[in-house]
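Observations on the three-dimensional arrangement
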Amino acid sequence: MNKTDKIITLAQKEGRKVLLEPEAKAICSEYGIPVTKFQVAKTEKEAAEFAQAIGFPVVLKIVSADIVHKSDAGGVMVNLKTKEEVQAGFNKILQNAKKYKANAKIVGVLVQEMAPSSTEVIVGSVKDPQFGPTIMFGLGGIFVELLKDVTFRVLPIDEQEAAEMIVGVKAFPLLNGYRNVPAVDVKAIVNTLLCVSKLVMDHPEIKELDLNPVLAYPHSVKTVDARIILE
Ligand code: ADP
Ligand code: MG
């Protein structure tokens, strides 16, 4: 059994529909989607050690199947630059999580590489009652939330369809280089869409997938948050 099947089987055995961020990212990684380096710390000492190994600055996040929207729970801290900040952050995140949901089952704190800020895109997949698995693409933030500037296709998609999805959003000029915003690696986004297509088609157990955000750079992309919900 490959890593992805193992992770899905474990969640099903535990009666969980939500995969944890480290699980979702391990699956993404197996399917060729670049993700931030990460490790799950159980103690503040471990958190500091992992941060040192990954390299500063780092991001800390709560790992709990009971907390799906981590920032809403005070469960994300970015740009921590020293061991001391990481140790204090570890404790603060656990405190915030307990305040948010007293009975949340907490697995640990995810220590991850901090990706430099850049243009944010999102990739999603849901099952349509009529068309089956679909894929969505858009730029992050107001483009999706306010302007609903997104494209959809029925899965599976090929390379040309993936490219059309990207060129098809109204905000595409922002990806293509605009004033002081450098052009991003559209090929790497195409590749990410194709990897998601394969992952979702290979695994009908996946009900929803959400890469939000994926940071897009001139010569690469990196997924900083991944969510997978099982049927
Ligand atoms: P949520 O569960 O609230 O969606 P995210 O993991 O998306 O949590 O984190 C919230 C925000 O923090 C992201 O939208 C992104 O802007 C920032 N962020 C999260 N992880 C990283 C990272 N590794 N590097 C840089 N920024 C990050
Ligand atoms: Mg997110």
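Scroll up to find the structure this text is about.
Let me sum up the structure you'll find in this document.

What counts and how
Within any chain, residue numbers begin from 1 and follow the written order of that chain's sequence. The lettering of chains begins at A and the numbering of ligands begins at 1, in the order of writing. The model is predicted, so local features are restricted to residues of pLDDT at least 70 and side-chain atom pairs to those at 80 or more, both for listing and for counting; the totals for chains, interfaces and linings are taken over all residues. Heavy atoms throughout the structure, all of them, feed into the side-chain values; hydrogens and water do not. A run of H or I in DSSP counts as a helix once it spans at least four residues, and a run of E counts as a strand once it spans at least two, with each numbered from the N terminus. Contact criterion: two residues are considered in contact whenever any of their non-hydrogen atoms come within 4.5 Å of each other. It suffices for a single heavy atom of a residue to lie within 4 Å of a molecule or strand for the residue to be listed as near it. Here a polar contact is taken to be a pair of N or O atoms separated by no more than 3.5 Å, where protein atoms must pair a possible hydrogen donor with a possible acceptor and residues adjacent in sequence count only if both atoms sit in side chains. Areas reported here follow the Shrake-Rupley algorithm with a probe of radius 1.4 Å; residue values treat only the protein chains shown as occluding. We call Asp, Glu, Lys and Arg charged. Ala, Val, Leu, Ile, Met, Phe, Trp, Tyr, Cys and Pro are nonpolar, and the rest, Gly among them, are polar. The rule for donors is simple: an N, O or S atom within 2.8 Å of the metal counts, and for Na, K and Ca the reach is 3.2 Å. Water is not among the atoms, so a site may look short of donors. Only protein chains enter the accessibility calculation, which uses a 1.4 Å probe; a residue is then buried when its area is under 20% of its type maximum, exposed when over 50%, and partly exposed in between.

**Here's the deal with the environment of Leu-209**
- Turning to its location among the elements, Leu-209 is positioned in strand 8 (residues 206–217).
- For the pair formed by Leu-209 and Leu-199, sequence separation is ten residues and the distance between their alpha carbons is 9.8 Å.
- Excluding residues that lie within four positions of it along the chain, Leu-209 makes contacts with Val-123, Gly-124, Ser-125, Val-196, Leu-199, Val-200, Arg-227 and Ile-228.

**Focus on the site of ligand 1**
- Residues in close proximity to ligand 1 total 18 residues, the closest being Lys-61, Ser-71, Gln-112, Glu-113 and Ala-115.
- A distance of 2.7 Å is found between an oxygen atom of ligand 1 and a side-chain nitrogen or oxygen belonging to Lys-61.
- Measuring from an oxygen atom of ligand 1, one finds a backbone N or O atom of Lys-70 at 2.9 Å.
- Isolated, ligand 1 exposes 540 Å² of accessible area, and the fraction of that covered by the protein chains is 81%.
- Taken together, the elements giving at least two residues each to the shell around ligand 1 come down to strand 2 (58–63), strand 4 (108–113) and strand 8.
- Along the lines of polarity and charge, the residues of the shell around ligand 1 split into seven nonpolar, five polar and six charged.

**Describing the side chain of Thr-134**
- Note on placement: Thr-134 falls in strand 6 (residues 132–139).
- If sequence neighbours within four positions are ignored, Thr-134 has contacts with Gly-124, Ser-125, Val-126, Asp-128, Arg-153, Val-154 and Leu-155.

**Regarding the coordination of the magnesium ion (ligand 2)**
- Summarising the metal site, the magnesium ion (ligand 2) is bound by the protein donors Asn-212 (O) and Asp-225 (OD), whose distances to it range over 2.2 to 2.3 Å. On the criterion of sequence distance, the pair formed by Asn-212 in strand 8 and Asp-225 in the loop between strand 9 (220–223) and strand 10 (226–230) is long-range, its members being 13 residues apart.
- Judged by its relative accessible area of 30%, Asn-212 is partly exposed.

**Thoughts on unusual backbone geometry**
- Note the cis peptide between Phe-56 and Pro-57, where omega equals -10°.
- Take Pro-57: it is sitting in the loop between helix 3 (44–54) and strand 2.
- In this chain, Leu-155 is followed by Pro-156 through a cis amide linkage whose omega measures 0°.
- Backbone geometry places Lys-148, a non-glycine residue, at a positive phi of 50°.
- The topology assignment puts Lys-148 in the loop between helix 5 (142–145) and strand 7 (150–154).
- For Lys-148, a relative accessible area of 60% corresponds to the exposed category.
- A positive phi angle is found at Arg-179, which is not glycine, with a value near 50°.
- Mapped onto the elements, Arg-179 comes out in the loop between helix 7 (172–175) and helix 8 (186–202).

**Comments concerning the environment of Ala-188**
- Positionally, Ala-188 belongs in helix 8.
- Spatially, the C-alpha atoms of Ala-188 and Pro-34 are 9.4 Å apart, while their sequence positions differ by 154 residues.
- Setting aside its immediate chain neighbours within four residues, Ala-188 contacts Ser-220 and Val-221.

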